[in-house]
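# Chains, contacts and geometry: an overview
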Amino acid sequence: MNIPQLIDFTEASLDAAFASVRNEAEAAVAAPGFEAEQFRLEWLGRKQGHLKAISDAWLKAAPPEAKKLIGQRFNALKEQVEGFLIAASAGAVVKPASAGLDVTLPGSSQRVGVEHPLVKTMAEIVGVFQRMGYSVGLGPEVESDFYNFEALNFPPNHPARDTQDTLVVAEQEGKPLRERLLMRTHTSPVQIRSMLEQAPPLRLVIPGKVHRNDAADATHSPVFHQVEGLCVDTNITFSDLKGTLDHAMKAFFGSAVKTRFFPSFFPFTEPSADVQISCIFCGGKGCRKCKYSGWIELLGCGMVDPAVFEAVNQRRIELGHDPVYDTRRISGFAFGMGVDRIAMMKYGISDIGLLYSGDMRFLEQFA
Ligand code: PHE
């Protein structure tokens, strides 16, 4: 491409110079034999591309007082050229403004979006519980220490907090610890928020995004997703928890799936359990996916610790509500599962990072 030297730095003449380059790019996209990768190299190539040449000839060489005007126009031009390439690659027909309307050309297609695999998985899990009469609750991702930890029976400095390190909002040292804000490390704080708003009975699932200071690798991401569950009423027992989760796993993974429960620990449930399902890949015989154990660990759960009900009652009193979670009458269970792992199992995704890459080549496979 022939790039003339800029001599006149008035806005009008800069506009004209940039418009002519823009028209050339537009024409190149509409030309017969257009090929996206070739266009990208020719126009946007870092070393040899036309835009690089224009940046050198017009922007870098400009007198200081014209730099701003040229810079703005250069950025706009770059966006336009990138836009042409994206539109052309997506199958849209780009026609130079000067060409007349050619009704024989195929129409420009508007591509329809689809659900992200994580959103889809989350909706399916939530659907299983909705069909059992659960409602859906949501809570904020930026949470206070009180809801994320204290009310869930993680006292200040309790070692269980170390397992859920996270980002905290800066410059809050002046506030009492319970009011300080952080990125929630689990969806469990929404248990507390829900019980503050509602008296028992209560049955809800809470899907959402959570954050932890975990180094990213194939199975860990500092941002991930959970579906939380909470069921509170009179006479709720551990058998209800087992029956509910066993049904949910069968409904989601297929009726052949078995569940088993192991003792575990969470500060806000007592007793607590980890739940495993029989390996959905080998049916329990043992394979690479289940590390030859026949089982896959899927979620944490337990009976709501009375200390949690007490924290809710106390906060309800502070807020002027009745303390209706009477621990002599009321019991409940809670569970929390990682959505990312479930989506990875379901779709055979080997690297969690793909779910957050925004790479269309990956995402299109779920369309
Ligand atoms: N919030 C727990 C976690 O993120 C999971 C959990 C939820 C455990 C509810 C028990 C009950 O590790």
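Small disclaimer: the values here were computed from a predicted structure and weren't measured. (Residues numbered from 1 in each chain as written. Predicted model: local features only at pLDDT ≥ 70, side-chain atom pairs only at ≥ 80, totals over all residues. Heavy atoms only, no water.)

In this structure the tally under the stated criterion is zero disulfides. Summary of cysteine pairing: Cys231 is not part of a disulfide, and the nearest cysteine sulfur, belonging to Cys301, is at 13 Å. Judged by its relative accessible area of 7%, Cys231 is buried. Looking at Cys287, it has no disulfide partner, and the nearest cysteine sulfur is the one in Cys282, 3.7 Å off. Looking at Cys287, the relative accessible area reads 14%, which means it is buried. (Disulfide = S-S within 2.5 Å. Buried < 20%, exposed > 50% of the residue type's maximum accessible area, 1.4 Å probe, protein only.)

This paragraph deals with the side chain of Thr121. Considering the arrangement of structural elements, one finds Thr121 in helix H5 (residues 117-130). Assessed through its relative accessible area of 0%, Thr121 is described here as buried. Those residues in contact with Thr121, other than ones at most four positions away along the chain, are Phe252, Val339, Ile342, Ala343 and Tyr347. (Helix = DSSP H or I, 4+ residues; strand = E, 2+ residues; numbered from the N terminus. Contact = heavy atoms within 4.5 Å.)

This part takes up the side chain of Ser272. Turning to its location among the elements, Ser272 is positioned in strand E7 (residues 269-278). Polar contacts involving the side chain of Ser272 include one to the main-chain amide nitrogen of Phe266, which spans 3.1 Å. Here Thr269 takes part through its side chain, which lies 2.6 Å from a polar atom of the side chain of Ser272. Look past the residues within four positions of Ser272 in its chain and what remains in contact with it is Phe262, Pro263, Ser264, Phe265, Phe266, Cys301 and Gly302. (Polar contact = N/O pair within 3.5 Å; in protein donor to acceptor, adjacent residues only side chain to side chain.)

Here the focus is empty space enclosed by the protein. Taken as a whole, this structure holds one cavity of 30 Å³ or more when the rule is applied. In this model, the largest cavity occupies a volume close to 50 Å³. Contributing to the lining of the largest cavity are Ile125, Val128, Phe129, Ala248, Met249, Phe252, Phe253, Met337 and Ile342. Residue assignment for the lining of the largest cavity shows that the elements contributing at least two residues are H5 and helix H8 (238-253). Residue contributions to the lining of the largest cavity peak at four residues, all from H8. Its residues placed into classes, the lining of the largest cavity shows nine nonpolar, no polar and no charged. (1 Å grid on protein atoms, 1.4 Å probe; cavity = no way out; pocket = protein on both sides within 12 Å on 5 of 7 lines; lining within 4 Å. Points joined across faces, edges and corners; volume = space filled by probe spheres on them. Nonpolar A, V, L, I, M, F, W, Y, C, P; charged D, E, K, R; others polar.)

The step from Pro200 to Pro201 runs through a cis peptide bond, and the omega angle for that step is 0°. Here Pro201 lies in the loop between helix H7 (189-197) and strand E4 (202-211). Following Glu270, the chain continues to Pro271 via a peptide bond in cis, the omega torsion being -5°. Positive phi, normally seen in glycine, also occurs at Glu171, with a value near 55°. Position of Glu171 among the secondary structure elements: in the loop between helix H6 (145-148) and strand E3 (181-183). Despite not being glycine, Tyr292 shows a phi value in the positive range, around 60°. Mapped onto the elements of the fold, Tyr292 is located in the loop between E7 and strand E8 (295-304). By relative accessible area, Tyr292 is classed as exposed at 59%.

Here we have seven strands laid out as an open sheet, ordered E1-E4-E5-E9-E8-E7-E6, and mixed in their pairing. Of all strands in the sheet, those bounded by a partner on one side alone are strand E1 (135-136) and strand E6 (259-266). The sheet contacts of helix H10 (residues 339-347) involve strand E5 (223-234), E7, E8 and strand E9 (330-338), and relative to E9 the element is tilted by about 50°. (Pairing = 2+ DSSP bridges. Axes fitted to C-alpha atoms, helices over the stretch in contact; angles between N-to-C directions.)

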